[in-house]
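Chain by chain, the residues run as shown.
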Amino acid sequence: MERKWWQEAVGYQIYPKTFKDSNNDGIGDIQGIISKLSYLKHLGVNLLWICPFYKSPMDDNGYDVSDYFEVNKIFGSLDDVKELIEKAHELEIKIILDLVMNQTSDEHSWFIESRKNLTNDKRDYYIWKKGKIDENGNLKEPNNWASFFGGSCWKYDETTNEFYMKIFSDKMPDLNWENEKMREEMKKMICWWLDNGADGFRVDAIAHLAKDQSFADSEMEKDGFGYCPDWQKFSNRDRLYDYLTELNQDVFSKYDCLTIGEVGGGASTADALRYSGFDVNRFSMVFTFDHCWENGAFGSLDKQDDEIKTNLVNLKRIFARWQNDLYGKCYNPLYWLNHDHPRVISQYGNVGRYHKESGKMLATTLHMMWGMPFIYNGEEIGMTNVDYDDINDFNDVSAKNAYNQFVGELGKEQVLRYLRRCSRDNARTPMQWSSEKYAGFSEVEPVVKVVGNYKWINVESNLKDEDSILNHYRKLIQLRRNSEYSDIIIDGSFTLIDEDNPNVFSYLRRYNGRSLLVVSNFFEKETKIGYGYKMLKVVLSNYHHNDYNLNDLTLRPYESIIFEIYE
Ligand code: GLC
Ligand code: CA
């Protein structure tokens, strides 16, 4: 297989607001990222995905862009971004930006124009509809579709007595991709960033650009807010692929750039091939969410913490499906979490006694698969979910919506427990750099509350400890990028073995007659496996003792080992 540059890369995602504060105003910024480039180089990653830093009222932490060509002052200036790109390039680190095209902020000049009157030339850049009158003579939304953030996907606007569509928050009106002039403006903007040195994009919420143009009511059962969560009406629709082909032809194909679409829940591997198969010329890759909630935590509002348990058999099948359906046809990004998910160690690992072991086990399991791994900032030191016990500590607009909706019915404690398990705030706390006050993130109190365990979970202590989670990540990156196993890891096939074992995740990677076997105990309980392969070597493990017999092997809590084997 001929490789593209990004097929050999290891990515790292940065959430700028809480990564590093350089000027002590409590908010992370671009200069803060620049100050940590040498740390990232040392970690071994060679591509950064930076979450949005554009001008924005920050209703959804920057995914509500009010000017694509300007940098939000809280993060710095355009010159800072150019400096970041330049300095990263000097270190042979590529930078991809977050491209947000499904919606803008309601403070974007297009929307300010659009909402003024029915005949404005920007009116049709967004999706406006008349409401309906119900049997009691009240004005109702144009249809019963739900928003991802709770409530209706429509918002009434007095000025013209119409509703605009918004599948996220009220302040995030959806763009009308049927409008050609709007598409042309988008393309110019994308070229401008590529001309300014960006190496590509993670393309936000891309599955939703095309909406069912009938805008007819859904028949689906209503959710807790009284609307139909019928995501099919605006996800992965046929028409979308036309827009993407056009974007590729007119923009992406003209640059040697990496594009990763966020397609999320609902997209199958067949959809992935349609988005990013090697021969379709749309995106380089797509992010799926299929593996993200296999502990049943999503929507588990009424559950207690001890009712949440990883269904490993399902998790393995999902990974195997994405590995095998895409192998050789469409490259696959590998990740455990991003800024929209809980911390993986809190979800699938152990934040207590086996913090280190489970953090390393999760890393090994993911990084040895086929595809391009992404580390989410803080994952490399095993950062955990929040310890907040006050709703005011949460920031995310969707967490606040859920709290207001359910607190009456379920009580404060239960909703907070749920948010500590599932909220997007879990991944958005200040990066834990050291044991100093405010975790070395800032010298002043950060705008987002630091998680209390920074005193022992931090970069500084991980750097000092040869046996840390961080150093384990370094070894995994090294194995992939620069070792005698690179070819197997980058190009080898994937085979899930021991598929029905509910405790152990085992798979083979094979390339040119050589094989690696990866085994990972996902739980605290010891468990036995026995495989008929001949062991050649232990490549990496998360325990010291390594006198292993593959035919009869007891795996310790969260034990994870990479073997080179002979079949
Ligand atoms: C994506 C982003 C998420 C954002 C949403 C709306 O899912 O990852 O953070 O809220 O799109 O742009
Ligand atoms: Ca700052």
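Draft legend 1. Expanded view of the coordination of the calcium ion (ligand 2). Within the protein, the atoms that donate to the calcium ion (ligand 2) are Asp21 (OD), Asn23 (OD1), Asp25 (OD), Ile27 (O) and Asp29 (OD), at distances of 2.2 to 2.3 Å. Site description for the calcium ion (ligand 2): donor spacing in sequence, D-x1-N-x1-D-x1-I-x1-D. Classification of Asn23 by relative accessible area gives partly exposed; the value is 47%.

Draft legend 2. Here's a closer look at the pattern of salt bridges. The full count for this structure, using the stated rule, is 46 salt bridges. Notably, a salt bridge pairs Arg274 with Asp238, separated by 3.1 Å at the nearest N-O pair. Here Arg274 is found in helix α7 (residues 269-276), whereas its partner Asp238 is found in helix α6 (residues 238-250), with 36 residues between them in sequence. In this structure Arg274 comes out as partly exposed when scored by relative accessible area, which is 33%. Owing to a relative accessible area of 54%, Asp238 belongs among the exposed residues under this scheme. Salt bridges sharing partners connect three or more residues here, namely Asp60, Asp340, Asp396, Arg424 and Arg428.

Draft legend 3. Layout of the packing of helix α10 (residues 355-367) against helix α14 (residues 469-481). As a packed pair, α10 and α14 sit with axes 9 Å apart at the nearest point and diverge in direction by 15°. Overall, the two elements α10 and α14 adopt an arrangement that is roughly parallel. Of the two elements, α10 crosses α14, and the hand of that crossing is right-handed. Here α10 contributes His355, Lys356, Gly359, Lys360, Ala363, Thr364 and His367 to the contact with α14, which in turn contributes Ile469, His472, Tyr473, Leu476 and Arg480. Looking at side-chain class alone, the contact of α10 with α14 contains four nonpolar, five polar and three charged residues.

Draft legend 4. Structural detail: a nonpolar patch on the surface. A grouping of Ile133, Leu139 and Tyr156 is seen on the molecular surface, where their side chains present a nonpolar patch of about 290 Å² in accessible area. Summarising the element assignment, Tyr156 is placed in strand β9 (residues 154-157).

Draft legend 5. Structural view of the pairing of strand β15 (residues 372-376). Counting buried residues in β15 gives five out of five residues, a clear majority hidden from the surface. Burial along β15 is two-sided: Met372, Phe374 and Tyr376 and Pro373 and Ile375, pointing in opposite directions, are all buried. As paired strands, strand β14 (residues 333-334) and β15 are joined by two bridges and run parallel to one another. Directly across from Leu334, in β15, lies its bridge partner Pro373.

Draft legend 6. Highlighting the sheet that holds strand β11 (residues 200-204). Across the sheet, which stays open at both edges, the eight strands sit in the order β13-β12-β11-β5-β2-β1-β15-β14 with parallel pairing between neighbours. Because the sheet does not close on itself, it has two edges, and the strands there are β13 (285-288) and β14. Examined bridge by bridge, strand β12 (residues 258-264) and β13 share four bridges and lie parallel to one another. Along β13, the bridge assignment pairs Gly261 with Val286.

Draft legend 7. Local environment of the nonpolar core. Of all hydrophobic cores here, the largest spans 172 residues; its most connected members are Tyr12, Leu48, Phe53, Ile190, Trp336 and Phe522. Per element, the largest residue contribution to this core is seven residues, and it comes from helix α8 (residues 312-326). Those residues in contact with Phe53 that sit more than four places away from it in its chain are Ile30, Glu70, Val71, Asn72, Phe75, Val81, Leu97 and Trp193. Core analysis: the second largest hydrophobic core is formed by 16 residues, Leu508, Val519, Leu550 and Leu553 among them.

Draft legend 8. Region of the structure containing the side chain of Gln414. Assignment of secondary structure puts Gln414 in helix α12 (residues 412-422). Among residues more than four places away in sequence, those in contact with Gln414 are Leu301, Asp302, Lys303 and Gln304.

Draft legend 9. Broad picture of the side chain of Asn120. Topologically, Asn120 is positioned in the loop between α4 (109-114) and β6 (128-129). Here Glu113 takes part through its side chain, which lies 3.0 Å from a polar atom of the side chain of Asn120. Here the side chain of Asn120 touches Lys122 through a polar contact of 2.8 Å, landing on its backbone nitrogen. Asn120 has contacts with Glu113 and Ser114, leaving out every residue within four places of it along the chain.

The rules we used
- Residues numbered from 1 in each chain as written.
- Chains lettered and ligands numbered in written order.
- Predicted model: local features only at pLDDT ≥ 70, side-chain atom pairs only at ≥ 80, totals over all residues.
- Heavy atoms only, no water.
- Donors = N, O, S within 2.8 Å, 3.2 Å for Na, K, Ca; no water.
- Buried < 20%, exposed > 50% of the residue type's maximum accessible area, 1.4 Å probe, protein only.
- Salt bridge = Lys/Arg side-chain N within 4 Å of Asp/Glu carboxyl O.
- Helix = DSSP H or I, 4+ residues; strand = E, 2+ residues; numbered from the N terminus.
- Axes fitted to C-alpha atoms, helices over the stretch in contact; angles between N-to-C directions.
- Parallel < 35°, antiparallel > 145°, perpendicular 65-115°, else oblique.
- Left-handed = near helix turned anticlockwise from the far one by under 90°.
- Contact = heavy atoms within 4.5 Å.
- Nonpolar A, V, L, I, M, F, W, Y, C, P; charged D, E, K, R; others polar.
- Patch = residues over 30% accessible without salt bridge, like charges linked within 9 Å, V, L, I, M, F, W, Y side chains within 5 Å.
- Areas by Shrake-Rupley, 256 points an atom, 1.4 Å probe, with all protein chains shown as cover.
- Pairing = 2+ DSSP bridges.
- Core = buried A, V, L, I, M, F, W, Y, C linked by side-chain atoms within 4.5 Å.
- Polar contact = N/O pair within 3.5 Å; in protein donor to acceptor, adjacent residues only side chain to side chain.

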